[in-house]
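Observations on the three-dimensional arrangement
Listed here are the chains, written in short residue letters.
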Amino acid sequence: MAIMRSGCEGCTEITCTSSKEVLAQDVAKNVRTAYDRVKARGVAACLFGSGGTCCRHCNMGPCQIIDGVESMIGVCGATADTVASRNFARIVAAGTAAHTDHAREMVRGFIETAKGEGPHQIQDVGKLLSLAKVFDIATEGREVNDIALELGKKALAEFGNQEDTPLSMLKRAPAKRQAIWKKLGIEPRGVDREVVEMMHRTHMGVDQDYENIMLQASRCALADGWGSSMLSTELTDIMFGTPVPRRAIVDLGVLKPDQVNVTVHGHEPLLAEALCIAASEPDILDLAKKAGAKGINLAGVCCTGNEILMRRGIPVAASFVQQEMALATGAIEAMVVDVQCVMQSVAEVAKNFHTDIITTNYRAKMPGAVHIQFDEHEALNSAKRILKHAIANYKKRGAFFIPEKTKLDVVVGFSHETINYMLGGRFRASYRPLNDNIINGRIRGVAAIVGCDNFKLSDDAHEIIVRELLRNNILVLATGCAATSLGRAGLVRPEAVEFCGESLAEVCETVGMPPVLHMGSCVDNSRILIAATEMVREGGLGDDICDLPAIGTAPLWMSEKAVAIGQYFVASGAQVVFQSLPVSGAKKFNKYLVEGLMNQVGAHWNIAEDPMEIARLMIRKIEAKRDALGINKKTERVLFDMAMRRDLGTKTIGDVGCTGPVQP
Ligand code: NFS
Ligand code: SF4
């Protein structure tokens, strides 16, 4: 099976109208983007690297292994399967580490908030109480902040747990899944410990059995999904509010000609939230007016964008592949970055303009950028310092171009809680209507489209996949840059029912929801784990995640985090489809990933090379699960009658019964 495209024959041109428009302007004539660099490289990528069989784990190497050629094993005797599995497992460990370091910062911020320090307050008390239960924290007669402080401390202890006790949130998974993890011995203990053990076991001369290496890769990935990512999502929700549906806009057109444009790029919402608060403080607004601007326009890039989009309706200017295009508008006073997914090229692009790249985290500095450390103990003052720097740049703005026509509206904010309320109503929140509609076939199944965008397939790949899924009556859950790209394509709004098959359109119209539900950033993929678990718990669709007619894909994955996510989905029983994985140079290991894992965890990786192939594979897999559940019996097509509509409720997005109506 072909796994990896070599070289750049797979790269395609930009199809996104706004990106093309910006790059065609005179103002952007000196800007070089990743698309240019991919073309300029011109040579095929190294086959050892792309096939996963290059080893640099000791100084007897580097060794480049050719599977099946005896003289081409490692100096130490390592085979292609050992080397590729070690490399793959280290990708999982790196992805998990990134989510974990992010999550730790969020937990520390949560503890500060619980202590009453900093600009934030506990917002979602209901969620605090339900999470307290998971952590065996008594709540009766206690102050909210007292409970939160105990929760924060227990959450922080999950990172460094040295005992053999499993992570607390594993018990949220279906019982059958927990039993599988226990039997395989892959229940994660301390989150940091699983990353350290993964790095140790892939050191030269330790674990040389690819199946055994992958058991730890699963354990490490589960520590991400059911550990750090889930902690980050839940505690962030408690602190900043669990997302509810709201309208917002996406794409480069969200920049404003007459305001100080500040883009927030990276991942940790503590900084972004502080900037949101600071941007509406009178002293900062006065300063902006004095500089001749009408106000401060905050816009997101990458996942930090998705965090503030979900909770505040702050627009998202760009996904990962558009970060250079955003700067190429010449309209941004400052691009504020923290950690992850920030291309080093942004500093180079910014040199063409008055724009400053402001790094804010001691972990992530960059030549050519200005560093203003974000101090969480002084969050508001730090945020103000950053904004003042941006305001000072406004007067220096030269020629600029904002593609006015390309801002698309989206309806976002579909946390697991929202889906629950939206379908079941305020008084009987439940996944019953979703399960029923899957059982009766109006919705064939659920597909999660997650992860990055990259330069290997054209930038409309997500759109192509999702249109095919919707046409086949499959409900789509989206996160990360994939969700931003679907927003740009006009698919993340109720009007997108026009692309759906008849029965899915009917359900979406009745409930008033878009057929693509934006569930947040990449750490928020943990919401999908909870949603899948709730579907199992609701009944009628099997008794484990692996029974559900559901599948995930990260077709344009770029970051190591995406592989960690893929592995925790697989280890949780959900199939995933990627466009490539760097394992094609190791036959047995490759086969193990795309077939063998099934015997252990009830799911495996799938590879499909182009968007249509990915979509069709997902549909086939969903239909096969329906067959296995015995819910594919031919039934008379029943149109919604009044009783059914009443049963689903005549709610619209604006009346989902969570904490409030659609925000403007
Ligand atoms: Ni996810 Fe986010 Fe985007 Fe990929 Fe990067 S921003 S955490 S890794 S590129 S989706
Ligand atoms: Fe080569 Fe083995 Fe060293 Fe890897 S660990 S570089 S395969 S000798």
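On a predicted model such as this, the values are computed, not experimentally measured, just so you know.

Rules and cut-offs
Residues numbered from 1 in each chain as written. Chains lettered and ligands numbered in written order. Predicted model: local features only at pLDDT ≥ 70, side-chain atom pairs only at ≥ 80, totals over all residues. Heavy atoms only, no water. Near = heavy atom within 4 Å. Nonpolar A, V, L, I, M, F, W, Y, C, P; charged D, E, K, R; others polar. Donors = N, O, S within 2.8 Å, 3.2 Å for Na, K, Ca; no water. Tetrahedral: all angles 85-135°; square planar, octahedral: opposite > 155°, others 65-115°. Helix = DSSP H or I, 4+ residues; strand = E, 2+ residues; numbered from the N terminus. Phe/Tyr/Trp six-rings, centres within 6.5 Å; stacked < 30°, edge-to-face > 60°. Buried < 20%, exposed > 50% of the residue type's maximum accessible area, 1.4 Å probe, protein only. pLDDT = per-residue confidence, 0-100. Contact = heavy atoms within 4.5 Å. Salt bridge = Lys/Arg side-chain N within 4 Å of Asp/Glu carboxyl O.

What follows is about the site of ligand 1. Taken together, His267, Cys302, Cys303, Phe320, Cys341, Gly451, Cys452, Cys481, Cys522, Met558, Ser559 and Lys561 make up the full set of residues near ligand 1. Here the shell around ligand 1 is composed, by residue class, of eight nonpolar, three polar and one charged.

In this section: the coordination of the nickel atom of ligand 1. Within the protein, a single donor atom binds the nickel atom of ligand 1, namely Cys522 (SG) at 2.2 Å. Geometry at the nickel atom of ligand 1 is irregular, judged from the four donor atoms that bind it and their angles of 91 to 148 degrees at the metal. Tracing the backbone through its elements, the reader meets Cys522 in the loop between strand E13 (516–520) and helix H21 (525–538).

Further remarks concern the packing of aromatic side chains. For the coordinates displayed, the defined rule picks out 10 aromatic pairs. Taken together, a centroid distance of 5.7 Å and an interplanar angle of 85 degrees make the contact between Phe88 and Trp605 edge-to-face. Of this pair, Phe88 sits in helix H4 (residues 80–114) while Trp605 sits in strand E16 (residues 605–607), placing them 517 residues apart in sequence. Given the relative accessible area of 2%, Phe88 is considered buried.

Attention now goes to the site of ligand 2. If you check the shell around ligand 2, you find Cys55, His57, Cys58, Met60, Gly61, Cys63, Gly74, Val75, Cys76, Ala78, Arg86 and Met204 and nothing else. Per-class residue counts for the shell around ligand 2 are eight nonpolar, three polar and one charged.

With that out of the way, let us pick up the confidence of the model for the protein. In this model, the protein carries an average pLDDT of 92, and 92% of its residues clear a pLDDT of 70 or more. Contacts for the low-pLDDT stretch residues 1–10, under 50 throughout, to residues beyond four places or in other chains number 28 contacts. Contacts for the low-pLDDT stretch residues 649–664, under 50 throughout, to residues beyond four places or in other chains number 40 contacts.

This part covers the pattern of salt bridges. Under the definition given, this model contains 42 salt bridges. Its salt-bridge partner being Asp101, residue Arg363 comes within 2.9 Å of it at the nearest N-O pair. Of this pair, Arg363 sits in the loop between strand E8 (356–359) and strand E9 (370–371) while Asp101 sits in helix H4, and the two are 262 residues apart along the sequence. Taking relative accessible area as the criterion, Arg363 reaches 31% and is therefore assigned partly exposed. Within this structure, Lys127, Arg172, Glu234, Asp237, Glu307, Arg311, Glu417, Asp524 and Arg527 form a network of salt bridges that share partners.

The next point concerns unusual backbone geometry. The linkage connecting Gly61 with the following residue, Pro62, adopts the cis geometry, with an omega of 0 degrees. Summarising the element assignment, Pro62 is placed in the loop between strand E1 (54–55) and strand E2 (63–64). Here Asp136, not a glycine, exhibits a phi torsion of approximately 55 degrees, which is positive. As for its position among the elements, Asp136 is in the loop between helix H5 (125–134) and helix H6 (144–160).

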